[in-house]
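# Structural description and commentary
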Amino acid sequence: MDLIPGSCPRCCPCCLRLLPPARPATMGLELYLDLLSQPSRAVYIFAKKNGIPFQLRAVDLLKGQHLNSEFLPANSLQRVPVLKDGDFLLNESVAILIYLSIKYQTADHWYPSDLQARMRIHEYLGWHGDCIHSTFGVSLWAQVLAPLIGIQVSEEKLKHNRAAMDRALQFMEDKFLRDKAFLTSQQVTLADIMALEELMQVVVLGCDLFEGRPRLAAWRQRVEAFLGADLCRETHSFIWSIRELAANKKLPDPPPEMRSRMLLRIARIP
Amino acid sequence: MGLELYLDLLSQPCRAIYIFAKKNSIPFELRTVELLKGQHLSDAFAQVNPLKMVPALKDGDFTLTESVAILLYLTRKYQVPDHWYPQDLQARARVDEYLAWQHVTLRRNCLRALWHKVMFPVFLGEPVSPEVLAATLAELDVTLQILEDKFLQNKAFLAGPHISLADLVAITELMHVSAAHKPVGAGCQIFEGRPKLAAWRQRVEAAVGAVLFQEAHEVILKAKDTVSLADPSVKQKLMPRVLAMIR
């Protein structure tokens with residue numbers, strides 16, 4: 001993996017998964033990511049868009065690599081994304097995004113220094129944690145991940161999830177977006193990329209969340225236009241292909257330790 | 001009109017905000033919103049927060065919801081001592097990391113533990129099934145282990161050598177489960193068998209001040225009795241929201 005911002009990462013030709021770097025680790029910023037994961041994508045897209053130089057450490061969640069200290073530092077929370085900056089290890093996408101925005105002095109609009117503007121982002125992220133994160137991951141679990149271990153998510157749970165997504169999108173439009181260009185201000189912030197990546201997790205399965213929601217659809221176009229088509233394509237290429245990969249049996253067979261975790265996660269679907 | 005804080009000390013995030021504001025002598029008008037009386041469902045409160053949840057902050061024309069946002073706002077606006085949310089990039093990142101992690105882990109599990117163990121039996125008049133309770137407590141246990149092993153480790157406080165927003169948010173969550181069992185006792189004594197966490201709790205309480213700590217937790221200490229006295233029609237109105245909250 002080279003450090004030149006904007007260049008395409010190495011991808012496995014058969015499944016489009018990101019490949020780990022060809023050379024051993026060197027000093028500098030390292031980001032441990034799996035582009036299967038929404039928060040991983042948010043961090044990736046932010047770092048790339050802002051030309052932040054980093055070593056990509058690809059972690060394949062489906063293979064359980066996040067549980068293996070060969071792939072992910074053992075003293076992490078064993079989830080992605082993880083940031084390593086010299087000796088400093090940081091978990092949690094929001095913490096990582098804030099850290100990067102401050103350390104690399106990204107453009108103010110991402111995480112404004114104005115107090116009220118900045119707090120609107122935290123306000124959005126608080127609600128996002130309750131109502132967007134997890135909720136918008138259920139479809140992928142139901143359609144791709146649970147079937148990998150032979151589990152079917154009940155129609156009742158899916159119906160419940162569709163209603164929850166509906167309510168969340170309505171609230172996103174009515175309380176956050178309203179008549180603004182972006183969720184918390186007239187410019188793109190950390191909130192928008194966190195939101196976009198969660199919604200993409202459903203969109204890639206062929207579900208048009210934006211149907212009948214012209215304001216949200218326009219917001220999505222604006223975010224993607226700002227990020228740039230190339231960067232969006234690069235970041236989303238794996239997740240866009242996931243249904244096909246599953247259908248062609250090209251996704252890994254999760255190892256036993258992953259199966260038990262997946263079962264727990266599936267059981268938690270309300 | 002100065003700073004207004006819409007709180008119910010029954011709620012963990014509300015307690016964290018209350019303690020923080022009081023500890024730092026931030027002048028505010030307390031607007032108590034009694035959840036068990038359904039006051040958060042009123043039209044008047046919906047004007048403040050359309051999500052009808054506490055906590056909420058009103059500072060002149062500026063209204064803010066979500067506890068982490070409110071804590072950070074107070075931190076910046078009132079220029080509190082640095083240790084609460086350090087300027088140092090990496091020290092601050094540690095606090096951000098905890099605040100992000102706790103949202104769907106400790107917070108969710110403490111809420112579920114309180115409701116499954118204490119509140120539902122009173123609210124519904126019947127205990128929750130042993131399987132559900134056992135599963136809830138098991139999840140809480142895992143979360144507490146992560147809290148000790150990954151966050152606290154051998155430090156005095158969660159994010160470093162001094163108390164920060166992380167500790168306030170954490171302690172009010174843990175007290176949610178622990179305090180509700182007094183004076184009845186039995187069951188969910190989370191500090192028992194966890195000397196590291198118990199020692200941390202003492203340090204947090206000492207740093208906050210015993211009087212303030214006690215004051216903030218008075219309401220949750222009486223929660224079980226308050227719930228049993230709640231109006232049945234209000235209970236009925238609250239049930240769907242409670243169930244949604246603890247999913």
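Remember, it's a predicted structure, so these values are computed and weren't measured experimentally.

Residues and elements named next belong to chain A. Applying the stated rule across the entire model yields 16 aromatic pairs over all chains. Seen in terms of ring centroids, Y44 and F54 are 6.2 Å apart; in terms of plane orientation they differ by 85°. Their pairing is edge-to-face. Residue Y44 is found in helix α1 (residues 38-49), and its partner F54 is found in the loop between α1 and β2 (55-58); the two are separated by ten residues along the sequence. On the basis of an interplanar angle of 70° and a centroid distance of 5.8 Å, the ring pair of W110 and F226 is categorised as edge-to-face. Here W110, found in the loop between α2 (93-103) and α3 (115-131), pairs with F226, found in helix α7 (residues 214-227); they are 116 residues apart in sequence, far enough to count as distant. The exposure class of W110 is buried, given its relative accessible area of 2%. Judged by relative accessible area, which is 31%, F226 ranks as partly exposed. Here the aromatic cluster, defined as three or more aromatic residues joined through ring pairs, consists of Y124, W127, F171 and F176.

Residue and element names in this part refer to chain A. Spanning twelve residues, α1 covers 16 Å between terminal C-alpha atoms, matching the ideal 16 Å at 1.5 Å per step. Counting buried residues along α1, eleven of its twelve residues qualify, which places the element largely inside the surrounding structure. Of all the residues in α1, the buried ones are Q38, P39, S40, R41, A42, V43, Y44, I45, F46, A47 and K48. Turning to α1, the residues buried within the fold contact β1 (29-33), α2, α6 (190-203), α7 and α8 (229-247). Two residues or fewer after α1 comes G51, characterised by a positive phi angle close to 60°.

As a further point, take helix α5 (residues 106-124) of chain B. Residues and elements named next belong to chain B. Along its length, α5 shows its largest kink, about 45°, at V118, and proline P121 lies within four residues downstream of that point. Extensive coverage of α5 is indicated by the burial of 15 of its 19 residues. Residue G125 follows α5 closely and has a positive phi angle near 80°.

This part covers the interface of chain B and chain A. Contacts between the two partners involve 32 residues from chain B and, on the opposite side, 35 residues from chain A. Summed over both sides, the interface of chain B with chain A buries roughly 2,900 Å², with 62% coming from carbon and sulfur. Where E139(B) meets R268(A), a salt bridge forms, and the shortest distance between an N and an O atom there is 3.5 Å. At the surface where chain B touches chain A, the tally comes to ten residue pairs in polar contact (both at pLDDT 80 or more). It is helix α4 (residues 89-102) of chain B that contributes the most residues to the side of chain B that touches chain A, nine residues altogether.

Now for the confidence of the model for chain B. All names here are of chain B. On average, residues of chain B score 88 in pLDDT, and 94% of them are at 70 or above. Below a pLDDT of 50 lies the segment residues 183-187, which in the model reaches four contacts outside its immediate sequence neighbourhood of four places, other chains included. In the predicted complex, the global pTM is 0.92; the interface-specific ipTM is 0.92.

A few words on the environment of L168(B). Residues and elements named next belong to chain B. Within the secondary structure layout, L168 lies in helix α7 (residues 165-178). L168 sits 121 residues away from Q47 along the chain, and the two C-alpha atoms are 28 Å apart. When neighbours within four sequence positions are excluded, L168 is seen to be in contact with A16, I19, F20, W84 and V208.

Residues Y124(A), W219(A), Y98(B), L147(B), L174(B) and W200(B) are the most contacted members of the largest nonpolar core, which totals 161 residues. Among the elements that line this core, the one with the most residues is α6(A), at ten residues. Setting aside chain neighbours within four positions, we find L174(B) in contact with L106(B), C110(B), L144(B), L147(B), I190(B), F191(B), L197(B) and W200(B). Within the second largest apolar cluster, 18 residues are counted, among which are W115(B), F123(B), M239(B) and V242(B).

A word on the state of the cysteines. Inspection of every chain in the model, using the stated rule, returns zero disulfides over all chains. The structure places no disulfide on C131(A), whose sulfur is separated from the nearest cysteine sulfur, that of C14(B), by 17 Å. With no disulfide of its own, C207(A) has C131(A) as its nearest cysteine by sulfur position, at a separation of 18 Å.

Procedures and definitions
Residues numbered from 1 in each chain as written. Chains lettered and ligands numbered in written order. Predicted model: local features only at pLDDT ≥ 70, side-chain atom pairs only at ≥ 80, totals over all residues. Heavy atoms only, no water. Phe/Tyr/Trp six-rings, centres within 6.5 Å; stacked < 30°, edge-to-face > 60°. Helix = DSSP H or I, 4+ residues; strand = E, 2+ residues; numbered from the N terminus. Buried < 20%, exposed > 50% of the residue type's maximum accessible area, 1.4 Å probe, protein only. Expected span 1.5 Å × (residues − 1). Contact = heavy atoms within 4.5 Å. Bend = angle between axes of the 7 residues up to and from the residue. Buried area = accessible area lost by both parts, 1.4 Å probe. Salt bridge = Lys/Arg side-chain N within 4 Å of Asp/Glu carboxyl O. Polar contact = N/O pair within 3.5 Å; in protein donor to acceptor, adjacent residues only side chain to side chain. pLDDT = per-residue confidence, 0-100. Core = buried A, V, L, I, M, F, W, Y, C linked by side-chain atoms within 4.5 Å. Disulfide = S-S within 2.5 Å.

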